[in-house]
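# Chains, contacts and geometry: an overview
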Amino acid sequence: MPVSKEKMMIAAVMLASSSAVALPLFIILFPVPIGAGSIEQFVSLHLHEDFGTRIWLTYIYFPAAITIHYLALPTQAGKKAFFLLGFAFFFAGNVIDLLYRAIQYDVVHFYWAAEYLGASSDAARQRYAEKITTFSELAPAISFSFALLFFLGRSMMGASLWLNSTQLEKCVSASLIVNGLWNILPHTGHIFGGFVGASYIYVWCLSLVLVTILAATRVYPKPNTNACAPTHGPGKEA
């Protein structure tokens, strides 16, 4: 018996969702550090047995997260346009973040840090230490750029889902807006910055789960319980 288009779409949503949620869950269960307070500590981080797993989950996360957020697109024209504007900011933030992580992992950790450990002279180690230090000094500016885009993108997507919406859409709206605030607050020197940083992983994970549920309702319509009522197509809500 052939599989329906709706079932194929819901399977795709579940695959994208599990790929996206896997990263924050892994970080919660296996807190593999990617930063350190000194060069001596930093250069050994990539030797952690779970470091490679975190990297691959990171690379898988980006296309998966972009997919489930796009599939949560509202059906109403006005809300859809505002959501897409926010999605464009969110997409741009993910592109910058992906490039940043690629440099951080593949260049800084696996090349510069590895060369530092294998250097045959103090002069060689110093050269790589300077490269690592330069990257760490530039990192806050880069992370602020994609954090700002995430704040704008998530806030706009969330706002578009709030008015004239279902309870599920309101929950997703709130989670996106809070997630966006949690993205930007650590960069503002806000008094609650420490709390935000410590709790972000849970806010991020919850937002991904709620977006997934909403995306699933978009691609798999509710069953029609009234034979006289018009049929709702995929993406339409009763």
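Everything discussed here concerns the structure shown above.
This text gives an overview of the structure that appears in the document. (Residues numbered from 1 in each chain as written. Predicted model: local features only at pLDDT ≥ 70, side-chain atom pairs only at ≥ 80, totals over all residues. Heavy atoms only, no water.)

## Quick word on the pattern of salt bridges
The criterion, for reference: A side-chain nitrogen of Lys or Arg and a carboxyl oxygen of Asp or Glu constitute a salt bridge if their distance falls within 4 Å. For the purposes of this entry, the term helix denotes a DSSP run of H or I that reaches at least four residues, the term strand denotes a run of E that reaches at least two, and both are numbered from the N terminus. Burial status follows relative accessibility: with a 1.4 Å probe on protein chains alone, a residue under 20% of its type maximum counts as buried, one over 50% as exposed, and anything between as partly exposed.
Tallied over the full model, the rule gives three salt bridges. Residue Asp97 pairs with Arg101 through a salt bridge whose shortest N-O separation is 3.0 Å. Residue Asp97 and its partner Arg101 are both found in helix H4 (residues 77-118); the two are separated by four residues, about one turn of the helix. Under the relative-accessibility criterion, Arg101 is labelled buried at 18%.

## Details of the environment of Ser17
The condition is simple: A contact between two residues is defined here by any heavy atoms of the two lying within 4.5 Å.
Here Ser17 is to be found in helix H1 (residues 5-29). Judged by relative accessible area, Ser17 falls into the buried class, the value being 9%. Measuring from C-alpha to C-alpha, the distance between Ser17 and Val211 comes to 8.8 Å, with 194 residues separating the pair along the chain. For Ser17, the contacting residues outside a window of four places in its chain are Ile68 and Thr212.

## Here's the deal with the nonpolar core
One recurring pattern in soluble globular proteins: nonpolar side chains tend to sit buried together. Here is the rule we go by: Nonpolar cores were defined as sets of buried Ala, Val, Leu, Ile, Met, Phe, Trp, Tyr and Cys residues, with membership established by side-chain atoms within 4.5 Å.
Tyr61 and Trp204 are the most contacted members of the largest nonpolar core, which totals 56 residues. Mapped by element, the contributors of at least two residues to this core are H1, helix H2 (39-42), helix H3 (51-71), H4, helix H5 (122-162), helix H6 (167-184) and helix H7 (193-219). With sequence-adjacent residues up to four places away left out, Tyr61 is seen in contact with Ser19, Ala20, Leu23, Asn94, Arg154, Trp204 and Leu208. Counting residues in each nonpolar core, the second largest holds five residues, with Val13, Leu71, Ala215 and Ala216 among its members.

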